[in-house]
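Coordinates in review
The residues making up each chain are set out below.
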Amino acid sequence: MVLAIAQEPKCHTPAKECERQIRQMLSGRRYLGVDLDEGKPGLVIKSVKADSPASRAELKEGDRLMAVNGKSMEKATVKMFKEALAEARQTGRLWLIVQRRGAYKKVEARLEPYPQEYIEKVISGHLAQAHNVASGGGQ
Amino acid sequence: MFDRLISRLRGSRSGDERPDRVSVLLPFLIISAGLGVLAWRSYELSIRMERGVNTLAVQYAGYAAEITARRVDAALRAEFAGANDQWQQIERRSETPGDNSVREWLNKNEWIVTAIYVPDRDPASSVYVSELPEEKPGAPRLGREFFTSSGMVRYTFDPDRLLARVHSAIRQQPLVRNSSTAGLEVGQRADVTVVPFKNQSGLVRLPGGFAFISPLSPPLQSYAIRAEVRTAYVGSGWENQRVVSFWASLVALALMAIGAFLAIRGMNQEADTMRLREALIANVSHELRTPLAMIRLGAETLKIGSKLSEKERRDLEDQILREVLHLSHLVENVLDVARIQNQTGRALAFTPVHPRDLVTNLMTSYESWILSKGFNVTVEIDDNIEPQMWDRDSVSRALLNLIDNAMKYSGDNKRIDVCVRQNPEYVVIEVRDHDIGIDDRDLNRIFDPYYRAKFSDTQTRRGAGLGLTLVQQITMAHGGRVEVDSQPGEGSTFRLLLPRSVSTESAGVAGLVQSKPLPS
């Protein structure tokens, strides 16, 4: 708190406007909820966010993503996977082929919007950081 | 057209009516036809050139707009890629980019307004940074996103600021370079601007040129590049030569027309002179020959005729005398006309003359001649007339010619009235006969030299056609004029109007003034 007072507010935009902007930027986005690493061949799942579409699709840490929606991911980068994800934004459906402990498995996942509490958390975090507003205030 | 002209030329040549006119006009016609063709060609050419200019302008506008739009697209892509790269660098430096990292990134790319970094690891710990207060609430904002290995960055940016960054790409003039014509540079330019795109791409016709609108690619698809090419840049107006060629050929044609007119007029004048000369030869030679023949006949008869009676001899002598008189009269008329026409020889000698003396002297000296022709002349003179500054001889000659004329053109009614009177401006000498009169058609030609009225058969009415010419010239040399009233069948009245001298005292001055040769 002392630190926050010492620092002048970093964001000159009104707090309301920032909030609106964040909502707009995050809402409507779909996410899967996995953290990936490039582990040739394929992409290795580093972590799976709890209570996310990935966890609901029963993706596990250490799974190797080999294909997404018919596209091979054997030599892909994380960026390419994200692009494939972005392409699937309209339907929100993903058909993944994962290699788990040597066995190939077909997984169907459904992209979901960011949950409301995530957005609220981001907003409150920004407000606390840049606008000197006490966190937890919500809207 | 030419066939007809040539046939006309030939026809006139064979007909020998007026061969000169066509042959003189022919060069003019040819030159003006050439000029006309030339003018038409240059006009046509200038139209074609204008069309070419328009085509060029349209093409260049399209080219400039397309090229610039693609160039701006490339520059924008480079900006986006640059921002992307910078973020990658930041991400490489710190495993978990925080608030400060995003802020640093924002400061490097001043056209980005807000950005949010969503890490894959934990979307709830996204970092949002907003730069710069809102200057204008309604300013357009465009969104864009890219993915990194650890997450996603979404940002909004100000398109105006971004376009300002790539301004150099817009300013750069596209040049037409052709490898096949090395060194050739098409000197054209277009005004290239960025305009909001409102669903109308392609060519727009402007009053003085063309504009081509080419939209930018997404995400700035609501902006377009507009290239405007004025045809004036390519060349029009005076450069276009249409006005110049048109007016130049018009002036040339006008000059040709003037030249042709002058040539025709000169030819007409020459033809008049020729006609005069012919008339002179025809009339005068005839008139000279007749008295000479009479004189010769009389003299020969006198020489061989010893058996002639006294009366016959006297008649012959009279005849010779009359013919000599006539001949000398004729010669003097010709000489006088020539002299006055050419303004050479002696100028008129103005001396104070009393009109009454002049008329009575003339009448007494020619009384016998007049009476011998059976004419009855009545003279009426105003007594109040003062002496006038006249040339005695020429005025007498004019009056005599008028009387002679009246006698010549009288039939049975042999009465002539001579009347001298004055009005405030003129001294008027009037000679009136009472017989044939003058036709309207002849009336305005009787003063022409060698002209003789059509009805007059030259056998009975002798003369060279110079009498009235001389009268008019003498009168004009005195500053006066001749008036004619005539009714065919009733008789004619000739009036000499000679300006009055102001007074006896200033007669000398008036004489000096009047002795100047007057234009005839």
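I will try to describe carefully the structure that is included in this document.

What counts, and at which threshold
Residues numbered from 1 in each chain as written. Chains lettered and ligands numbered in written order. Predicted model: local features only at pLDDT ≥ 70, side-chain atom pairs only at ≥ 80, totals over all residues. Helix = DSSP H or I, 4+ residues; strand = E, 2+ residues; numbered from the N terminus. Buried ≥ 20, exposed ≤ 12 C-beta atoms within 10 Å, placed from the backbone. Contact = placed C-beta atoms within 7 Å. Axes fitted to C-alpha atoms, helices over the stretch in contact; angles between N-to-C directions. Left-handed = near helix turned anticlockwise from the far one by under 90°. Nonpolar A, V, L, I, M, F, W, Y, C, P; charged D, E, K, R; others polar. Parallel < 35°, antiparallel > 145°, perpendicular 65-115°, else oblique. Core = buried A, V, L, I, M, F, W, Y, C linked by C-beta atoms within 7 Å.

Details of the overall build of chain A
Scanning chain A from N- to C-terminus turns up five helices and eight strands. Walking chain A from its N terminus toward its C terminus, one meets helices and strands in the order α-α-β-β-β-α-β-β-α-β-β-β-α. Put simply, chain A has 139 residues, and 31% of those count as buried. Summarising the internal contacts of chain A: among those between residues at least 6 apart in sequence, 51% fall at separations of at least 24.

Brief notes about the packing of helix H10 (residues 392–408) of chain B against helix H12 (residues 467–477) of chain B
Residues and elements named next belong to chain B. The N-to-C vectors of H10 and H12 enclose an angle of 145 degrees; their axes lie 9 Å apart at closest approach. Seen from above, H10 lies across H12 with left-handed handedness. Where H10 abuts H12, its residues Ser-394, Val-395, Arg-397, Ala-398, Asn-401, Leu-402, Asp-404 and Asn-405 lie against Gly-467, Leu-468, Leu-470, Val-471, Ile-474 and Thr-475. Looking at the contact of H10 with H12 residue by residue, the classes come out as seven nonpolar, five polar and two charged.

Regarding the packing of helix H9 (residues 355–372) of chain B against H10(B)
Residues and elements named next belong to chain B. The contact between H9 and H10 brings their axes to 10 Å, and the two run at 60 degrees. With respect to H10, the axis of H9 lies oblique. Note that H9 runs across H10; the crossing there is right-handed. Judged by residue contacts, Leu-358, Val-359, Leu-362 and Tyr-366 of H9 engage Arg-392, Val-395, Ser-396, Leu-399 and Leu-400 from H10. Here the contact of H9 with H10 is built from residues that sort into seven nonpolar, one polar and one charged.

Description of the nonpolar core
Burial of nonpolar side chains together is a common tendency in soluble globular proteins. Counting residues in hydrophobic clusters, the biggest one holds 76 residues, and the most contacted among them are Ile22(A), Ala61(B), Ala115(B), Ile225(B) and Ala227(B). Sorting elements by how many residues they give to this core places helix H2 (residues 19–93) of chain B first, with 12 residues. Sequence-distant contacts of Ile22(A), that is, excluding residues within four places in its chain, are made with Ile119(A), Val122(A), Ile123(A), His126(A), Ile116(B) and Tyr128(B). In terms of nonpolar packing, the next biggest core, distinct from the first, is built from 36 residues, Leu358(B), Ile416(B), Val471(B) and Leu498(B) among them.

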